[in-house]
Amino acid sequence: MALAIRVLDLLRVLSIVSFLVLLQFLQKTDAQVLIPQVPTLMKCKFDKIYQLGDSLSDTGNFIRESLVGAFSPFAKLPYGENFFQNESTGRCSDGLLMIDFIVAGATALPAEIMAEKKISNSLTNSSLNVQLDWMSSHFKSACSTECSEDLKKALFLVGEIGGNEFNYGLLQGKPMEELRAMVPEVVQTIINAVKTIIGFGAVRIVIPGNFPIGCIPNLLTTFLTNNSTAYDYNHCLKDLNHLAILYNDHLQQVIQELKKGHPNIALVYGDYYNAYLWLLKNAASLGFDKNSLLKACCGIGEKYNYDKSRICGAPGLQICTDPSTYISWDGIHLTQQAYKWLARWLIDDMLPKLKCQA
């Protein structure tokens, strides 16, 4: 989705210790859902997870990077109200994220390239190339010898990143034709990052696509129309979803081309789009409120409970009674419960493709 127009994700490294502790917590809190996934995860024997991305996986970097982040809504409750000890950690949700279960405002394109396209991002310059520099510096300082052998036991996630280019553009009034024309450049930037990571020694890499952005409350609010033909069977905006499909299709094509030159590297597309559609289709049976699937839990507004002038965290703003029955947390990011189910779908879909040894 990368609809984090106010947050960024930096590089994070999760050790196997914290990974196992998290798995134990998940088993205790929702054993029926997650225990079947644990043997598959353990079979891969990952000892580290490296994530490059945006607010979908930011575990607290934004609120520590600058004063802007420190005083942002993400640094205080209600963000994190369902995290372990009711603690705001900088995660853009009410609790855990997909990266937590699988184990903000960042863009793929550099800020100067975005500026040339007259698309502004005033909050951060921590683009994908910047994050790669951090990763390179980390490996140089952490490895007394060559890192490549150690990285064979690590999982790399390159994204989701690249969606913010389109979200910024949409919200700043860029025409759809101009945004569609950006797709190859954004995808190539991501693929170049993947090549760099392969050069570091990575052998298992997940490259996620984008969510169906036409189903996200903030964009549904921005592009609200009385034209019923603009919406699909999920009541999502067709044109916005078609942009996401174009991006995802191009990303998958380039991943397939990259595979030809790296037959021994597991390059796996993370199908966020279809995972989200699965969630919408099965939402009622998974415990979500069927009347609130496109509404924000934390927000205000008539149709989608989102108002850009009074976002989640604003004084006096009401929160839904039970966030676990909502997919969207703040109109831009998802709830812990939504991330949990998406993670389960993605684990089932991706891990068989990661070529883990039995």
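Up top is the structure.
Reading guide: rules and limits
- Residues numbered from 1 in each chain as written.
- Predicted model: local features only at pLDDT ≥ 70, side-chain atom pairs only at ≥ 80, totals over all residues.
- Heavy atoms only, no water.
- Buried < 20%, exposed > 50% of the residue type's maximum accessible area, 1.4 Å probe, protein only.
- Helix = DSSP H or I, 4+ residues; strand = E, 2+ residues; numbered from the N terminus.
- Contact = heavy atoms within 4.5 Å.
- Disulfide = S-S within 2.5 Å.
- Phe/Tyr/Trp six-rings, centres within 6.5 Å; stacked < 30°, edge-to-face > 60°.
- Axes fitted to C-alpha atoms, helices over the stretch in contact; angles between N-to-C directions.
- Left-handed = near helix turned anticlockwise from the far one by under 90°.

What should I look at first to understand helix α14 (residues 272–282) in this one?
For the α-helix, the turn length of 3.6 residues means that residues three or four positions removed from each other point alike. Those residues of α14 lying buried are Tyr-272, Tyr-273, Ala-275, Tyr-276, Leu-277, Leu-279 and Leu-280. Along its buried surface, α14 packs onto α6 (98–102), β4 (204–208), α13 (238–261), β5 (266–270) and α15 (336–350).

Just to check I follow, could you spell out the state of the cysteines for this structure?
Here, the word disulfide means a covalent bond between the sulfur atoms of two cysteines. The final tally for this structure, using the stated rule, is 4 disulfides. Bridging Cys-44 to Cys-356, the disulfide has an S-S length of 1.9 Å. The chirality of the disulfide connecting Cys-44 with Cys-356 is right-handed, given an S-S dihedral of about 90 degrees. Exposure remark for Cys-44: the relative accessible area of 8% places this residue in the buried category.

Quick question: what am I supposed to make of the packing of aromatic side chains here?
Ring pairs (aromatic) are described by centroid distance and by the angle formed between their planes. Under the definition given, this model contains 8 aromatic pairs. Plain terms: the ring middles of Tyr-50 and Phe-156 are 4.8 Å apart, the flat faces sit at 15 degrees to each other, and that makes the pair stacked. Neither Tyr-50 nor Phe-156 differs from the other in exposure class; each is buried. The interplanar angle of 70 degrees and the centroid separation of 5.3 Å between the aromatic rings of Phe-211 and Tyr-276 together place this pair among those described as edge-to-face. Of the two residues, Phe-211 is situated in the loop between β4 and α12 (217–222) and Tyr-276 in helix α14; the sequence distance between them amounts to 65 residues. Taking relative accessible area as the criterion, Phe-211 reaches 1% and is therefore assigned buried. With a relative accessible area of 1%, Tyr-276 lands in the buried category. An aromatic cluster of three or more residues is present, and its members are Phe-62, Phe-74, Tyr-79 and Trp-329.

What exactly am I supposed to notice about the packing of helix α11 (residues 176–200) against α13 here?
Packed helix pairs are characterised by how far apart their axes lie and by the angle those axes make with each other. Here α11 crosses α13 at 30 degrees, and the two axes come no closer than 10 Å. For the pair α11 and α13, the crossing hand works out as right-handed. On α13, the residues that touch Met-176, Leu-179, Arg-180, Val-183, Pro-184, Val-186, Val-187, Ile-190, Ile-191, Val-194 and Lys-195 of α11 are Asp-239, Leu-240, Leu-243, Leu-246, Tyr-247, His-250, Leu-251, Val-254, Ile-255 and Leu-258.

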